[in-house]
Amino acid sequence: MTSCAGQQFIGGRRCATGTASLHSVDAHTGQALPGAFYQATEQEVDAAALAAAAAYPTYRALSAVRRAEFLDAIAEALDALGDDFIATVCRETALPAARIVGERARTSGQLRLFASVLRRGDFAGARIDRAQPQRTPLPRLDIRQCRMGLGPVAVFGASNFPLAFSTAGGDTAAALAAGCPVVFKAHSGHMGTAQWVAEAIVAAAERCGMPAGVFNMIFGGGVGEALVKHPAIQAVGFTGSLKGGRALCDMAAARPQPIPVFAEMSSINPVLVMPGALAVRAEAVARELVASVVLGCGQFCTNPGLVLGMRSPEFSAFVEHLRAQVADQPAQTMLNQGTLASYAHGVAALKALPGIRHLAGAEQQGNQAWPQLFSADARLLLDDEPLLQEEIFGPATVVVELADQAQLLAALQALGGQLTATLIGEESDLAAAAPLVAVLEQKAGRLLVNGYPTGVEVCDAMVHGGPYPATSDSRGTSVGTLSIDRFLRPVCYQNFPDALLPEALRDANPLGLLRLVDGQPSREPIR
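Remember, it's a predicted structure, so these values are computed and weren't measured experimentally. (Residues numbered from 1 in each chain as written. Predicted model: local features only at pLDDT ≥ 70, side-chain atom pairs only at ≥ 80, totals over all residues. Heavy atoms only, no water.)

Before going further, it helps to spend a moment on the overall build of the chain. Within the chain, the regular secondary structure consists of 15 helices and 21 strands. Relative to the compact-globule value of 24 Å for 527 residues, the chain shows a C-alpha radius of gyration of 25 Å, a close match. If you line up the chain on its principal axes, its C-alpha atoms span 75 × 65 × 40 Å. At a minimum sequence separation of 6, the contacts of the chain that also span at least 24 residues come to 76%. Accessible surface, the chain: about 21300 Å² in total, of which carbon and sulfur atoms supply 55%. In the chain, the 40 positive side-chain charges and the 48 negative ones have mean positions that sit 7 Å from each other. (Helix = DSSP H or I, 4+ residues; strand = E, 2+ residues; numbered from the N terminus. Rg over C-alpha atoms; globule rule 2.2 N^0.38 Å. Contact = heavy atoms within 4.5 Å. Areas by Shrake-Rupley, 256 points an atom, 1.4 Å probe, with all protein chains shown as cover. Lys, Arg positive; Asp, Glu negative; His and termini not counted. Charge placed at Lys NZ, Arg CZ, Asp CG, Glu CD.)

What follows deals with the nonpolar core. Residues Phe 70, Leu 71, Ile 74, Phe 215, Met 217 and Phe 487 are the most contacted members of the largest nonpolar core, which totals 61 residues. Aside from chain neighbours lying at most four places away, what touches Phe 70 is Tyr 59, Leu 176, Ile 201, Ala 204, Ala 205, Cys 208, Met 210 and Val 214. Among the nonpolar cores identified, the runner-up in size contains 38 residues, and Leu 340, Leu 402, Leu 412 and Ala 433 belong to it. (Core = buried A, V, L, I, M, F, W, Y, C linked by side-chain atoms within 4.5 Å. Buried < 20%, exposed > 50% of the residue type's maximum accessible area, 1.4 Å probe, protein only.)

With that settled, the discussion passes to the pairing of strand S17 (residues 418-424). Among the 7 residues of S17, 7 are classified as buried, and the element is accordingly described as predominantly covered. Bridging between strand S10 (residues 270-273) and S17 involves 3 bridges; their strand directions are parallel. Residue Val 271 lies in a different strand from S17, and its bridge partner there is Thr 422. The pairing of S17 with strand S18 (residues 444-449) spans 5 bridges and is parallel. Pairing of Leu 423 across the sheet is with Val 449, part of S18. (Pairing = 2+ DSSP bridges.)

Inspection of the secondary structure puts Lys 185 in strand S6 (residues 182-185). The buried charged residue Lys 185 lacks any salt bridge, with Glu 92 as its nearest oppositely charged partner at 12 Å. Apart from residues lying up to four places away in sequence, Lys 185 is in contact with Val 155, Phe 156, Gly 157, Ile 218, Gly 220, Val 223 and Leu 227. (Salt bridge = Lys/Arg side-chain N within 4 Å of Asp/Glu carboxyl O.)

With respect to the element layout, Ala 186 can be found in the loop between S6 and helix H6 (191-207). Overall, the relative accessible area of 1% leaves Ala 186 in the buried class. In sequence terms Ala 186 and Phe 374 are 188 residues apart; their C-alpha atoms lie 35 Å from each other. Discounting residues that sit within four places of it in the chain, Ala 186 has contacts with Ala 194, Met 217, Ile 218 and Phe 219.

All right, on to the sheet that holds strand S15 (residues 372-376) then. Taken in spatial order, the 7 strands make up an open sheet running S13-S15-S16-S11-S10-S17-S18, and their pairing is mixed. Whereas interior strands pair on both sides, the edge strands pair on one side only; in this sheet they are strand S13 (356-360) and S18. Averaged over neighbouring strand pairs, the angle between their axes works out to 20° when direction is ignored. Alignment of S13 against S15, held across 4 bridges, turns out to be antiparallel. Counterpart to Ala 360 in the pairing with S15 is Leu 373. The sheet strands contacting helix H11 (residues 337-351) are S13, S15 and strand S16 (396-402), and the helix crosses S15 at an angle near 30°. (Axes fitted to C-alpha atoms, helices over the stretch in contact; angles between N-to-C directions.)

What follows covers the pairing of strand S11 (residues 306-310). Regular strands place side chains that alternate from one sheet face to the opposite one. By the criterion of burial, S11 is predominantly enclosed, with 5 of the 5 residues buried. Pairing of S10 with S11 involves 3 bridges; the strand directions are parallel. Its bridge partner lying in S11, Val 271 is registered against Val 307. In this fold, the crossover linking S10 to S11 by way of helix H9 (residues 275-294) has right-handed handedness. (Right-handed = clockwise from strand over helix to strand, strands pointing away.)

Let us look at the environment of Leu 447. In this fold, Leu 447 is placed in strand S18. In this structure the C-alpha to C-alpha distance between Leu 447 and Ala 168, which are 279 residues apart in sequence, comes to 28 Å. When neighbours within four sequence positions are excluded, Leu 447 is seen to be in contact with Ala 421, Val 437, Leu 440 and Glu 441.

Moving on, we get to the sheet that holds strand S20 (residues 515-517). Sheets are built from strands that pair by backbone hydrogen bonding, the pairs being arranged parallel or antiparallel. If you trace the 5 strands from one edge of the open sheet to the other, you get S19-S4-S3-S20-S21, paired in mixed fashion. Edge strands, defined here as strands with exactly one partner in the open sheet, are strand S19 (488-494) and strand S21 (520-522). Adjacent strand axes in the sheet meet at a mean angle of 30°, parallel and antiparallel pairs treated alike. By the bridge criterion, 3 bridges tie S20 to S21 in an arrangement that is antiparallel. Across the sheet, residue Val 517 finds its bridge partner in S21, namely Gln 520.

Okay, the side chain of His 187 next. For His 187, the location among the structural elements is in the loop between S6 and H6. A distance of 2.8 Å separates the side chain of His 187 from the backbone nitrogen of Gly 189, its partner in a polar contact. His 187 has contacts with Gly 157, Ala 158 and Ser 159, leaving out every residue within four places of it along the chain. (Polar contact = N/O pair within 3.5 Å; in protein donor to acceptor, adjacent residues only side chain to side chain.)

As far as function goes, none of this settles anything; it's purely spatial.
Below is the structure:
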């Protein structure tokens, strides 16, 4: 680490005019870790946003290949961080070293994936409608379209993924790929981790000759509002609670110039266990499902928080298997004391709700979280009880028994938007599942068959999004290469001379792109 530890990253420099009053905490002990971080001042928030705005014209004008080289350089710098870095992340999050090493590989891998997207060039969405001077009754002028970066993006770090959804995570990678400089708000739960990664990003930017304000980072509480309201910021990326995401959306909408907020917020990720599966593998499904519920102490946005099935002796036996599996699970340390307190509050609220029965799980005590299993009366779901649809961030799940498929369909219709929805069934179940799928397609961004939602592959086809409240905008995704779309906007060029057009639209097709020319895909130059 540098001698500027704890200071803001603004325009390629380190600065601190506030007080060194912030400390990272050891997630195992709750004790403050050595070293202090400076609370960002209003002036520093302003300077960071203006630095990003100053970098934007130069950065967005760089070729896609240059931006790809930058992303590759960040990935290389992340991979080169040593044991001290891994130890810092482990201390701040209580996550094991193997998890951190794997998450770092995912983070650098998604940076390299976006680099490949830039070299491929299809993100530009090039469309060309050539002039038709002889068309009657009116001729058509030459009209061409491609996409460009929106402008500076504010990104908020997530608590549960200190690397993959944080400083150099998916939102930052997608924004930088789109040609948008970033102002990153470091998460208070892992400021030391954020500092390591930010130094790697800035070093990569310097090596690649990027403009100084292409990446900026600020520390502190209460700075998010000023960042979102700053007129230089043109979009926001956020992963966190429904309350926090909704507040950002409302702030952004109330600006004189409203801007989009791409917030991934709350999901209970229903799992439908079907009769055929219960008949042949109920115990195995219970074991696999509980393993998904407790994975990483349940601190995943795709954690299966609702299990649905139709009334039968087999379903009753399945619930007993779930109860035994949950009762056998050990307690785990959560990311921080705030997360543990929130989990304990959610568990207590469920226990106090009429129509809820606590099936398994030790009483919460000490600084670790015990897995919990509940059952709920079907009427709670059908009557849209808010607490039953509220995400409990931790290793807890609720089982609901429905009378028949008609009631199951009604329960699905009552659900809010979800990141995922899962069907567990045999071939005979799935052959009759079309009505269920038709409803789930309206409710979730990713549908699974005979798998579990924890674990999100970073690839071209992935969707990590869904209708509200899972996200603030169901048209996008925060994982996978399609996530670049959130930070791009289409620009149309009418009757432009070739030399003034972006390379993606020039007659010679210098980038070799597959373009839509007069309604037909083509890589050929325009003659």
